Amino acid sequence: MMQVTAIVLAAGKGERLELKVSKPLFKINHQPILIYSLKALSDHPLIADIIVVANASNRVKIIAQIKKARIGKIKAVVLGGRRRQDSVINGLKAISSKARFVLIHDAARPFINKKILSLVINKAVACGAAIPGVPVKATIKEVGSKVVVAKTLDRSRLWEIQTPQVFSKDLLLKAYKKFGNSVVTDDASLVEKSGRRVAVVMGSYHNIKITTAEDLVLAEAIAKQKLKKCLI
Ligand code: CTP
Ligand code: MG
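Residues numbered from 1 in each chain as written. Chains lettered and ligands numbered in written order. Predicted model: local features only at pLDDT ≥ 70, side-chain atom pairs only at ≥ 80, totals over all residues. Heavy atoms only, no water.

Participant: Provide a residue-level description of the nonpolar core, including the pertinent values.
Facilitator: In this structure, L38, L41, I47, I50, I62, I66 and L103 are the most contacted members of the largest nonpolar core, which totals 33 residues. Going through the elements one at a time, β1 (4–9), α1 (33–43), β4 (47–54), α2 (59–68), β6 (101–106), α4 (114–127) and β12 (199–202) are the ones with two or more residues in this core. (Core = buried A, V, L, I, M, F, W, Y, C linked by side-chain atoms within 4.5 Å. Buried < 20%, exposed > 50% of the residue type's maximum accessible area, 1.4 Å probe, protein only. Helix = DSSP H or I, 4+ residues; strand = E, 2+ residues; numbered from the N terminus.)

Participant: Kindly report on the layout of surface pockets, identifying the contributing residues and their values.
Facilitator: Volume-wise, the largest pocket comes out at about 1100 Å³. What lines the largest pocket is a set of 37 residues, and nearest its centre among them are G12, R16, R83, R84 and K209. Per-element accounting of the lining of the largest pocket gives the leading share, three residues, to helix α3 (residues 84–93). Classifying every residue of the lining of the largest pocket by side-chain character gives 11 nonpolar, 13 polar and 13 charged. (1 Å grid on protein atoms, 1.4 Å probe; cavity = no way out; pocket = protein on both sides within 12 Å on 5 of 7 lines; lining within 4 Å. Points joined across faces, edges and corners; volume = space filled by probe spheres on them. Nonpolar A, V, L, I, M, F, W, Y, C, P; charged D, E, K, R; others polar.)

Participant: If you had to explain the side chain of D49 to someone new, which residues and values would you point to?
Facilitator: Inspection of the secondary structure puts D49 in strand β4. Despite its burial, D49 pairs with no opposite charge, the nearest such side chain being K75 at 5.0 Å. A polar contact of 2.7 Å, which involves the side chain of D49, links it to the side chain of T5. (Lys, Arg positive; Asp, Glu negative; His and termini not counted. Salt bridge = Lys/Arg side-chain N within 4 Å of Asp/Glu carboxyl O. Polar contact = N/O pair within 3.5 Å; in protein donor to acceptor, adjacent residues only side chain to side chain.)

Participant: Summarise the pattern of salt bridges; cite the residues concerned and give the values.
Facilitator: This model, assessed by the stated rule, comprises four salt bridges. Residue R83 is joined to D86 by a salt bridge in which the shortest nitrogen-to-oxygen separation is 3.0 Å. The salt bridge involving K224 is made with E220; its shortest N-O contact spans 3.3 Å. Here K224 and its partner E220 are both found in helix α7 (residues 213–228), four residues apart, which amounts to about one turn of the helix. The structure contains a network of salt bridges with shared partners spanning R84, D106 and D187.

Interpretation in functional terms is not warranted from these geometric data alone.
Set out below in structure tokens:
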């Protein structure tokens, strides 16, 4: 049985959300954002253990919420770093030598489910690296420094990429060692820089990242609808 360790990132500052409470602890439909994805991960048969990456101001409260929700499989709650990728590195330091695959997930994406987890994990086991995404619905243009259109991208080839992203542990460690200092916004970017193929699986339009206040309105609605359908 292959071992998958999940690293859940909750060490950010949540600056764009402009809340008093830490983003992962903010409640959507009475449950902290972070607890949604932790439940889905700990309930999944292919996840062996979970490492949560917190920061100095939310760590104690995160541990308390994990206890309150009785989440299983939590191996450690470690401290993150300045950039997202520094937090990933701290999470990677805590994984067991037995782990063969690493799943990296943003706590800011509460609405993952068993289907998406199975799909991305199985694809990574087959290919070494897999990430979920959805075809872009909007027209995307590159806008130049003078706020004029530089070019219009071909939408038929554009996908919006999400987490959880899953990698063979060796592959990911090598990518972080070699390219961990370059500025990126996801983990797959580092694996791509290593010249390795990254498979894309169908994510979900419900798998939103909570970034700004507008997202909270949508998140409440998704949480309520999913609760009705027993999907989370
Ligand atoms: N994250 C992290 N460590 C960092 C930065 C981000 O663990 N140094 C985590 C966040 O907690 C979040 C995820 O990475 O779950 C995605 O980041 P983002 O949505 O940008 O969240 P924040 O960085 O917290 O928000 P902001 O950029 O608005 O400050
Ligand atoms: Mg951020």
